[in-house]
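The primary structure of each chain is shown beneath.
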Amino acid sequence: MSAPNFLPPIPQPPHDPTSWLLDARVGWRDAELIRVEKNLVSRSLALAPLPGSGRSLMEPSGSFGGLTLPANVALGPDGSLYLLNAKTLELKRFDPCECSFKTVPCFGGEGDGARQLRTPNGIGICSGNLFVCDTGNHRLSVFSLHGFALRGHWRPPVSAHRPPDPKVIDSWEPYDIAVDGRGRVFVSDGANGCLHRFNPIGQWEACLPGFGKATFLAIDCRDRLYVGVEGVKQSVRVVDTDGKGMETANRPEALAPLFPRLPFVVDAQGNLHLGPLCSQTETDREECETQSLPAALERGVFDLSGDPVTSGPASAPPAYQPQGFYYSGALDSEIYRCQWHRIILHGEMPPGSRVVVSTYTAEALLTDEQVQMPNLPWETRQSSNAMPAGQWDCLIRSGGGRYLWLRLDFTGNGKVTPAIDRIVIEFPRISLRRYLPAVFGMEPVSADFTDRFLSLFDTTLRS
């Protein structure tokens, strides 16, 4: 026998309505998106950027729009930063105290010797090894990070890169490198249009073909490879570790959640903004305060040669479509002649943007094509150009119907976009009119006005 509960019940209004929730987690139930996209970064509905605006995945630095390090820069396991100057053929290491790059001695120079290079491109670090794509010497050179001792030159078998000209001894051209979660090394080979895969100890495993002149290479947290192809400026190929095509990507901001966040910013010109790495500890600050550093070094901005620059040019923000539309699929209340109550939008509405909410209800289930017909009598048509406290709501003006369809008209000035994080559709409408004399509901127009007026108080009471 349970003990009696002497606590009074929690006061609450009777007959609370239920609701549909639409967001990135449970799904937007979208039937059609017209110039509107699901942003993977903010996980919201927003106007799509104009093609070619903002940053590009095929920037000349190979940073994939700032998602990864430039091709000639690598980050060590202890946070040390290395840069290969392709012009002077020097390897440099970043000194956080002096906030400058220092040349690694006895490394580099032009030639085909053990530590010499010829037309190098990408570098990478994994398992205590420094990998250098020595393109001109047709080899992937592997050095120990401790002392930079040469551990070997990795090459694919001749059968994987058979030269078309019998006079040419070696035709593979390693350009960039990426390492997956299993320690396997992937190298882009522009001469043969493929990606070579090596196991962690340097044994060649496979040649993944079909990429044309492959250049820059990156890998995300899900071990998906991003391959840049020469001549393609706005998009990159996305494949799995077996080379099977998955999709094409063209927006770096949409891919940001799939990549680990860098400890500093890489701008569109490839400049490294290393201010956050300079003098991170109190001891470093005290030592660096005693040194008189040039203004350029104090800014901590360096180009791809490791030389300080006075400032990094700001990246142009993306431009957005001026108008877009979101159409939902059919939302089922499972109630005959259901009077849907209200719609609550959560998100941001910057100045210069607007969202218009329209609804349509019916007892019969319509197809998506029928709902999007231009002569459909949409109702509600409430607009919002501001969202105080990140929320805005409106009552649904459509008549009773089991199914509801929602349309959002997004409008912006080209510089900003509305961002809808989630949508709540409440139903059915349970009005305080039920406590009034029946005369207030005898006539449909008057009843609708009474319900909308009393909803001002009802919303406050329920909250």
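As shown above, the structure is provided for reference.
No experiment lies behind these values; they were computed from the predicted model shown.

*Asks:* Quick rundown of the overall build of the protein chain? Include the residues and the values.
*Replies:* Within the protein chain one finds five helices and 31 strands. If you take every contact in the protein chain between residues at least 6 apart in sequence, the share linking residues at least 24 apart comes to 60%. With an accessible surface of roughly 23400 Å², the protein chain has 54% of that area assigned to carbon and sulfur atoms.

*Asks:* Explain empty space enclosed by the protein to me, and be specific about the residues and the numbers.
*Replies:* One pass over the full model with this rule turns up one cavity of 30 Å³ or more. Considering only enclosed or pocket space, the largest cavity measures out at about 40 Å³ in volume. The residue inventory of the lining of the largest cavity, partitioned by class, reads three nonpolar, three polar and three charged.

*Asks:* Before we move on, can you summarise the sheet that holds strand β23 (residues 301–302) with the specific residues and values?
*Replies:* Taken in spatial order, the three strands make up an open sheet running β21-β22-β23, and their pairing is antiparallel. Unpaired on one side and paired on the other, β21 (265–266) and β23 mark the two borders of the sheet. Of the strand pairs in this sheet, strand β22 (residues 272–273) and β23 are connected by two bridges, and their pairing is antiparallel. Bridging across to β23, H273 finds its partner in V301.

*Asks:* A description of the layout of surface pockets should follow, citing residues and the corresponding values.
*Replies:* Roughly 710 Å³ of volume is contained in the largest pocket. Forming the boundary of the largest pocket are 31 residues, of which T68, L69, L75, I125 and I219 lie nearest the centre. The residue inventory of the lining of the largest pocket, partitioned by class, reads 22 nonpolar, five polar and four charged.

*Asks:* Lay out the nonpolar core with the relevant residues and their values.
*Replies:* A general trend in soluble globular proteins is that nonpolar side chains are found buried together. By size, the foremost hydrophobic cluster in this structure holds 27 residues, and its most contacted members are Y326, I343, L345, V357, F410, I423 and I425. Contributions of two or more residues to this core are made by β4 (44–47), β26 (342–348), β27 (354–362), β29 (391–395), β30 (403–411) and β31 (419–427). Here I425 is in contact with T18, S19, W20, L22, L331, W340, R342, I343, I396 and L404, once residues within four sequence places are set aside. Y82, L84, I123 and F148 belong to the second-largest nonpolar core, a separate cluster that totals 15 residues.

*Asks:* An account of the pattern of salt bridges is requested, with residue identities and associated values reported.
*Replies:* If you walk through the whole model with that rule in mind, you get 18 salt bridges. Across the pair R402 and D332 runs a salt bridge, and its minimum N-O distance is 2.7 Å. With R402 in the loop between β29 and β30 and D332 in strand β25 (residues 331–332), the pair connects residues that are 70 residues apart, well separated along the chain. You can call R402 partly exposed: its relative accessible area is 29%. Relative accessible area serves as the criterion here: at 21%, D332 is assigned to the partly exposed category. One network of salt bridges, with partners in common, ties together E37, R251 and E253.

*Asks:* Just give me the short version of the environment of G270, but keep the residues and values in it.
*Replies:* Within the secondary structure layout, G270 lies in the loop between β21 and β22. Owing to a relative accessible area of 0%, G270 belongs among the buried residues under this scheme. On a C-alpha basis, the gap between G270 and L304 in space is 6.4 Å, while along the polypeptide they are 34 residues apart. Residue contacts for G270: discarding those within four places in its chain leaves S61, P70, F302 and L304.

*Asks:* Which residues make up unusual backbone geometry, and what values go with them?
*Replies:* Here the residue pair F427 and P428 is connected by a cis peptide bond, since its omega of -15° sits within 30 degrees of zero. With a phi angle near 60°, L89 is a residue other than glycine that sits in the positive phi range. Positive phi outside glycine occurs at T380, with the angle close to 75°. Relative to the elements of secondary structure, T380 occurs in strand β28 (residues 379–384). For T380, a relative accessible area of 8% gives the class buried.

*Asks:* Tell me about the sheet that holds strand β5 (residues 73–75), and please be specific about residues and values.
*Replies:* Strand order in the open sheet formed by four strands is β5-β6-β7-β8, and the pairing between neighbours is antiparallel. Here the strands that pair on one side only, and so sit at the sheet edges, are β5 and β8 (100–103). Between one strand and the next, the sheet's axes are offset by a mean angle of 30°, whatever the strand orientation. The pairing of strand β6 (residues 81–85) with strand β7 (residues 90–95) spans four bridges and is classified as antiparallel. Bridging from a neighbouring strand, L84 pairs with L91 of β7.

*Asks:* Can you explain the side chain of D409? Please cite residues and give values.
*Replies:* Here D409 is to be found in strand β30. On the basis of relative accessibility, which here comes to 11%, the residue D409 falls in the buried class. Among residues more than four places away in sequence, those in contact with D409 are G324, F325, R354, V355 and V356.

*Asks:* Any chance you could break down the pairing of strand β17 (residues 214–219) for me, citing the residues and the numbers?
*Replies:* With six of its six residues buried, β17 lies for the most part within the structure. Taken together, the four bridges between β17 and strand β18 (residues 225–229) define a ladder with antiparallel strand orientation. Residue pairing across strands places A214 opposite V229, the latter belonging to β18. Counted along the chain from β17 to the antiparallel partner β18, the turn is five residues long, and its residue D223 has a positive phi close to 60°.

Conventions used here
Residues numbered from 1 in each chain as written. Predicted model: local features only at pLDDT ≥ 70, side-chain atom pairs only at ≥ 80, totals over all residues. Heavy atoms only, no water. Helix = DSSP H or I, 4+ residues; strand = E, 2+ residues; numbered from the N terminus. Contact = heavy atoms within 4.5 Å. Areas by Shrake-Rupley, 256 points an atom, 1.4 Å probe, with all protein chains shown as cover. 1 Å grid on protein atoms, 1.4 Å probe; cavity = no way out; pocket = protein on both sides within 12 Å on 5 of 7 lines; lining within 4 Å. Points joined across faces, edges and corners; volume = space filled by probe spheres on them. Nonpolar A, V, L, I, M, F, W, Y, C, P; charged D, E, K, R; others polar. Pairing = 2+ DSSP bridges. Core = buried A, V, L, I, M, F, W, Y, C linked by side-chain atoms within 4.5 Å. Buried < 20%, exposed > 50% of the residue type's maximum accessible area, 1.4 Å probe, protein only. Salt bridge = Lys/Arg side-chain N within 4 Å of Asp/Glu carboxyl O. Axes fitted to C-alpha atoms, helices over the stretch in contact; angles between N-to-C directions.

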